[in-house]
Amino acid sequence: MSNPETSVLPAFLAALATGRLEVIDLTTPLSSSTPALRLPEPFANLIDFRLEEVSAYNEPGPFWRHNNIHTGEHIGTHLDAPVHWVTGRDGDDVSQIPVRRLIGPAAVLDLTDEVAADPDHLLTIAEIEAWEQRHGRLTEGTWLLLRTGWESRGGSETEFLNADDTGSHTPGLAVDCARWLATERDITGLGVETVGVDAGLAGGFDPAFPVHHYFLGNDKYGLTSLRNLGRLPAVGAMLVVSPLPIVGGTGSPSRVLAVLERDGAA
């Protein structure tokens, strides 16, 4: 047994209890109005989230209230598992993802100015290397989180998807950047504020949807529809991702939490 005087867990729990450690929810609340991906014909779309009442302190259930849940796997804040994409078809489903990989350091790269100027902005290798010059190389097990300011559009699906006749205009990664991150940095995954981990126009890239193609094909994961990234430091926070362990699932709505030391903590 571990020595109580040197054990890490009691100190961690005490820091939570005293407020020295702060827990920040990065999850978009899930409801029937949560913005969702809309694929053009002839592609099929997932069903939207909705609750179906079964009982509510009434004859079907006089002492309780409960509902059935109807939802697609990739709705709201959700995790993409490797098996979601053709390049990861032999990889893990969401129930098989090692739990140790669902907890790790968070690195936040701020692109709010670039995206405000151009909603189609694509992250480049040079931008990541510049970030690493300031904050250090992306370490093993890191979740790279892109702060773009896109969460401010979350109250309107029209603004969130930002689509016109040419497609959906949302930020993402350049093709070579997606390949480089997937193969040259031992990160766990990518987290974004937008509806999907790829840029809105990525269906026209080569390969199409390069983050899905390279990340899921290299046993890395994706997180979407995050919020509150502006409350995190560039480095120093811990990310906790909690998907449902759906057997055979290609992804799952997830609660995503960040843990960090409060400003001024000793």
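In case you missed it, the structure is sitting above this.
Residues numbered from 1 in each chain as written. Predicted model: local features only at pLDDT ≥ 70, side-chain atom pairs only at ≥ 80, totals over all residues. Heavy atoms only, no water.

## Concerning the side chain of His74
Here is step 1: Tracing the backbone through its elements, the reader meets His74 in the loop between strand E3 (61-70) and strand E4 (78-80).
Here is step 2: Residue classification places His74 among the buried residues on the basis of a relative accessible area of 12%.
Here is step 3: Within the local environment of His74, its side chain forms a polar contact with the side chain of Thr250, the two groups lying 2.7 Å apart.
Here is step 4: Contacts of His74, omitting those with residues within four sequence positions, involve Leu46, Leu79, Asp80, His84, Thr250 and Gly251. (Helix = DSSP H or I, 4+ residues; strand = E, 2+ residues; numbered from the N terminus. Buried < 20%, exposed > 50% of the residue type's maximum accessible area, 1.4 Å probe, protein only. Polar contact = N/O pair within 3.5 Å; in protein donor to acceptor, adjacent residues only side chain to side chain. Contact = heavy atoms within 4.5 Å.)

## What to know about the packing of helix H3 (residues 125-135) against helix H5 (residues 175-184)
Here is step 1: The interhelical angle for the contact between H3 and H5, taken along N-to-C directions, is 50°, at an axis separation of 9 Å. It follows from the interaxial angle that H3 and H5 lie oblique. On the side of H3, the interface is formed by Ile125, Ile128, Glu129 and Glu132, while H5 contributes Asp176, Cys177, Trp180 and Leu181.
Here is step 2: Broken down by class, the residue content of the contact of H3 with H5 amounts to 5 nonpolar, no polar and 3 charged. (Axes fitted to C-alpha atoms, helices over the stretch in contact; angles between N-to-C directions. Parallel < 35°, antiparallel > 145°, perpendicular 65-115°, else oblique. Nonpolar A, V, L, I, M, F, W, Y, C, P; charged D, E, K, R; others polar.)

## Considering the packing of aromatic side chains
Here is step 1: According to the stated counting rule, one finds 3 aromatic pairs in the structure shown.
Here is step 2: With 5.7 Å between their ring centres and 75° between their planes, Trp85 and Phe209 make a pair best called edge-to-face. One end of the pair, Trp85, is in the loop between E4 and strand E5 (103-110); the other, Phe209, is in the loop between strand E11 (189-191) and helix H6 (210-217), with 124 residues separating them in the sequence.
Here is step 3: When its relative accessible area of 29% is taken as the criterion, Phe209 is described as partly exposed.
Here is step 4: Between Trp143 and Tyr221, the ring centres sit 6.2 Å apart and the planes meet at 40°, which makes this aromatic pair tilted. (Phe/Tyr/Trp six-rings, centres within 6.5 Å; stacked < 30°, edge-to-face > 60°.)

## Re the environment of Asp198
Here is step 1: With respect to the helices and strands, the residue Asp198 is situated in the loop between E11 and H6.
Here is step 2: A residue is classified by how much of its surface remains accessible, and Asp198, at 6% relative accessible area, is buried.
Here is step 3: Through-space distance from the C-alpha of Asp198 to that of Val94 is 19 Å; in sequence the pair is 104 residues apart.
Here is step 4: If sequence neighbours within four positions are ignored, Asp198 has contacts with Thr170, Pro171, Phe209, Pro210, Val211 and His212.

## Considering unusual backbone geometry
Here is step 1: Following Glu41, the chain continues into Pro42 via a peptide bond in cis, with omega recorded as 10°.
Here is step 2: Secondary-structure assignment places Pro42 in the loop between strand E1 (21-25) and strand E2 (50-58).
Here is step 3: Cis geometry is adopted by the peptide bond preceding Pro207, which originates at Asp206 and carries an omega value of 0°.
Here is step 4: Among the structural elements, Pro207 can be located in the loop between E11 and H6.
Here is step 5: A positive phi angle, close to 60°, is found at Asp219, a residue other than glycine.
Here is step 6: Within the secondary structure, Asp219 sits in the loop between H6 and strand E12 (221-223).
Here is step 7: Under the relative-accessibility criterion, Asp219 is labelled partly exposed at 36%.

## Focus on H6
Here is step 1: Counting buried positions along H6 yields 6 of 8 residues, so the element is predominantly enclosed.
Here is step 2: If you check which residues of H6 are buried, you get Pro210, Val211, His212, Tyr214, Phe215 and Leu216.
Here is step 3: Residues of H6 that are buried in the fold lie against E4, strand E10 (172-173), H5, E11 and E12.
Here is step 4: Asp219 occupies a position one or two residues after H6 and carries a positive phi of about 60°.

## Here we look at H3
Here is step 1: Buried residues of H3: Ile125, Glu127, Ile128, Trp131 and Glu132, and no others. The buried residues of H3 occupy one face: seen down the axis, they fall within an arc of 160°. Turned more than 90 degrees from where H3 packs its buried face, Ala126, Gln133 and Arg134 sit exposed.
Here is step 2: Gly136 sits one or two residues past H3 and shows a positive phi near 100°. (Arc of directions from axis to C-beta.)

## Considerations on the pattern of salt bridges
Here is step 1: All told, the structure shown has 8 salt bridges when counted by the stated rule.
Here is step 2: Where Glu22 meets Arg231, a salt bridge forms, and the shortest distance between an N and an O atom there is 2.9 Å. Of this pair, Glu22 sits in strand E1 while Arg231 is found in the loop between E12 and strand E13 (237-243), placing the two residues 209 residues apart along the sequence.
Here is step 3: Residue class for Glu22 comes out partly exposed when judged on its relative accessible area of 25%.
Here is step 4: Its salt-bridge partner being Arg185, residue Glu132 comes within 2.9 Å of it at the nearest N-O pair. Of this pair, Glu132 sits in helix H3 while Arg185 sits in the loop between H5 and E11, placing them 53 residues apart in sequence. (Salt bridge = Lys/Arg side-chain N within 4 Å of Asp/Glu carboxyl O.)

## Some remarks on the nonpolar core
In a soluble, globular protein the nonpolar side chains are often hidden away together inside.
Here is step 1: In terms of nonpolar packing, the biggest core is built from 30 residues, with Leu144, Leu173, Leu181 and Leu190 touching the most fellow members.
Here is step 2: Contributing elements (two or more residues each) for this core: E5, H3, strand E7 (143-147), helix H4 (157-161), H5 and H6.
Here is step 3: Ranked by residue count, the leading element in this core is H5, at 6 residues.
Here is step 4: When near neighbours in sequence (up to four residues on either side) are disregarded, Leu144 contacts Ala107, Leu109, Leu138, Leu181, Ile187, Gly189, Leu190 and Gly191.
Here is step 5: Among the nonpolar cores identified, the runner-up in size contains 22 residues, and Ala81, Val108, Tyr221 and Leu223 belong to it. (Core = buried A, V, L, I, M, F, W, Y, C linked by side-chain atoms within 4.5 Å.)

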